[in-house]
Amino acid sequence: MRRILAASVMVLAWAAAAFAQGSGEPQTVFDRAQNAWAVGTVALGSAMTFREGRVLVFPGQIEDLLWAKQGKPRNIMLVYEVPAAEVDKPFFNAKDVLFAPIQLLPEHSFWRDNLPATPRHGVAGGRRNVFRGDEIPEARRVLGLYLQAGDMKGKARWGAQLDAVAQALSSSVPRLSEDAVSYFSTSTRLATDFPESAAAPISRFLEGPGPDEGKTQLIDALGRAKVAAMSDELRKLGGGQGPVAAAAMVALDQIGTGASLERLLELSRSSSDEVRAYGGGRLAGDRTGSKAAFERAVALLDPAQPKAVRTATAVGFGWPGNLQAIEPLRNLLMKGDVVASSAAEALASIGGEDAGKALKDALTSGPQDGAAASVNALKLIEGCRDCGRVLVEQHTKHPNEAIRELIGVVLEMPASHEH
């Protein structure tokens, strides 16, 4: 089941990276605010210039303090290192009014030697977390709810924070909505502390006009956390078309309330490529012995189907002992099909002598694309006694130099050269 879900998620291609903010767990505006020195609306004065205009220091006043780690700070000294592209038009200027989480800057020797001897500050998270003009009331509202929840004591805090972030999903400021999605995507509290009050704002976002990438990313988070409270909404979305519908069905599978076999057969004929890919992957992964499921999955390997549908189906066939899938997967390899790599991966997952023979045949007598696809699979497959030996032999004997070199890379052996 895990491999089927992974394949379905892969072919949806919902570009979650568009909502990520760097490698590792994203530091959202919520995280930045919670760890800030202060959060509020700041008015900047005239800048002091250092290092030939590449470092600007703005004295400023916190005119409207929303939250502070300690006390009620009012004065700041905002430091901004000006990028080369902004020398003539810096991002910050005198008389700017902005709302942001503010952090204390560390006492680096550069600043001690070059800047006034006073505490120095920066915007936590950089310019992404600077809000101006009409954005200010909305950012203040959203972060106010979150910071208020963060000040609560005990277990109630976690549910209140999730609720506050849910309220931000449909924010009129797009990056607040994007950060709310990112927050849910990395939250460790969804599974244990999801509040009922968050269901309605999440549903509004998922049914609203926002981008599919954000919706599918949020749905993925709900599925991974097995948030059963959202099952009804996910079933509703799963009745639609496109990547959001497919993501909803994957999430229901993860929660444990996925589609029946009859429903999967219907979905495999959907006009939506994403939904059809989901259906194909699930049907290929069927272990009940259903003839209808197997035959329909094989039909979805047809070259007339989009690559995403065929890929999900081929990968879905890859479960241990699935002997009936060996022949259709072998055919893909022997044709050098565009989904040959997925077919080879599935054969390696099936394992055993018959699957190994299909991979060996592809390597020794198949077209170049099929042979190339089989190389890594032959190294990974289990239950095949001589697959490794054949792979080593072909490192020197295969007639195609590119295949010999690929085998050498996979086996971490020196490339063979003819002299």
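Above this note sits the structure.
So, a few notes on the structure that sits alongside this text.

Conventions used here
- Residues numbered from 1 in each chain as written.
- Predicted model: local features only at pLDDT ≥ 70, side-chain atom pairs only at ≥ 80, totals over all residues.
- Heavy atoms only, no water.
- Disulfide = S-S within 2.5 Å.
- Buried < 20%, exposed > 50% of the residue type's maximum accessible area, 1.4 Å probe, protein only.
- Core = buried A, V, L, I, M, F, W, Y, C linked by side-chain atoms within 4.5 Å.
- Helix = DSSP H or I, 4+ residues; strand = E, 2+ residues; numbered from the N terminus.
- Contact = heavy atoms within 4.5 Å.

1. Re the state of the cysteines
Part 1 of the reasoning: Taken as a whole and assessed by the stated rule, the structure comprises one disulfide.
Part 2 of the reasoning: One disulfide in the model links cysteine 384 with cysteine 387; its S-S distance is 2.0 Å. Looking down the S-S bond of the cysteine 384 and cysteine 387 bridge, the torsion is 85°, so its handedness is right-handed. Across the pair, cysteine 387 and cysteine 384 agree in class, each one buried.

2. Considerations on the nonpolar core
Part 1 of the reasoning: Phe30, Leu169, Phe184, Ile202 and Leu218 are the most contacted members of the largest nonpolar core, which totals 48 residues.
Part 2 of the reasoning: For this core, the secondary-structure elements that each account for two or more residues are helix H2 (29-34), helix H4 (135-150), helix H5 (156-168), helix H6 (174-186), helix H8 (199-207), helix H9 (212-224), helix H10 (231-238) and helix H11 (242-255).
Part 3 of the reasoning: If sequence neighbours within four positions are ignored, leucine 218 has contacts with Leu169, Val181, Phe184, Ile202, Phe205 and Leu206.
Part 4 of the reasoning: Of all hydrophobic cores here, the second largest spans 47 residues; its members include Leu332, Leu347, Ala371 and Ile403.

3. A short note on the environment of glycine 122
Part 1 of the reasoning: Looking at the secondary structure, you find glycine 122 in strand S6 (residues 121-123).
Part 2 of the reasoning: Take glycine 122: its relative accessible area is 5%, and that puts it in the buried class.
Part 3 of the reasoning: For the pair glycine 122 and alanine 100, spaced 22 residues apart in sequence, the C-alpha separation works out to 9.5 Å.
Part 4 of the reasoning: Residues within four places of glycine 122 in sequence aside, it is in contact with Leu78, Pro101, Ile102, Gln103 and Leu105.

4. Quick notes on unusual backbone geometry
The general pattern is negative phi for most residues beyond glycine and trans for most peptide bonds.
Part 1 of the reasoning: With a phi angle near 75°, lysine 95 is a residue other than glycine that sits in the positive phi range.
Part 2 of the reasoning: Structurally, lysine 95 can be placed in the loop between strand S4 (75-81) and strand S5 (97-104).
Part 3 of the reasoning: A relative accessible area of 76% places lysine 95 in the exposed class.
Part 4 of the reasoning: In the Ramachandran plot, lysine 226 falls in the positive-phi region, its phi being about 55° despite a non-glycine side chain.
Part 5 of the reasoning: In this fold, lysine 226 is placed in the loop between H9 and H10.

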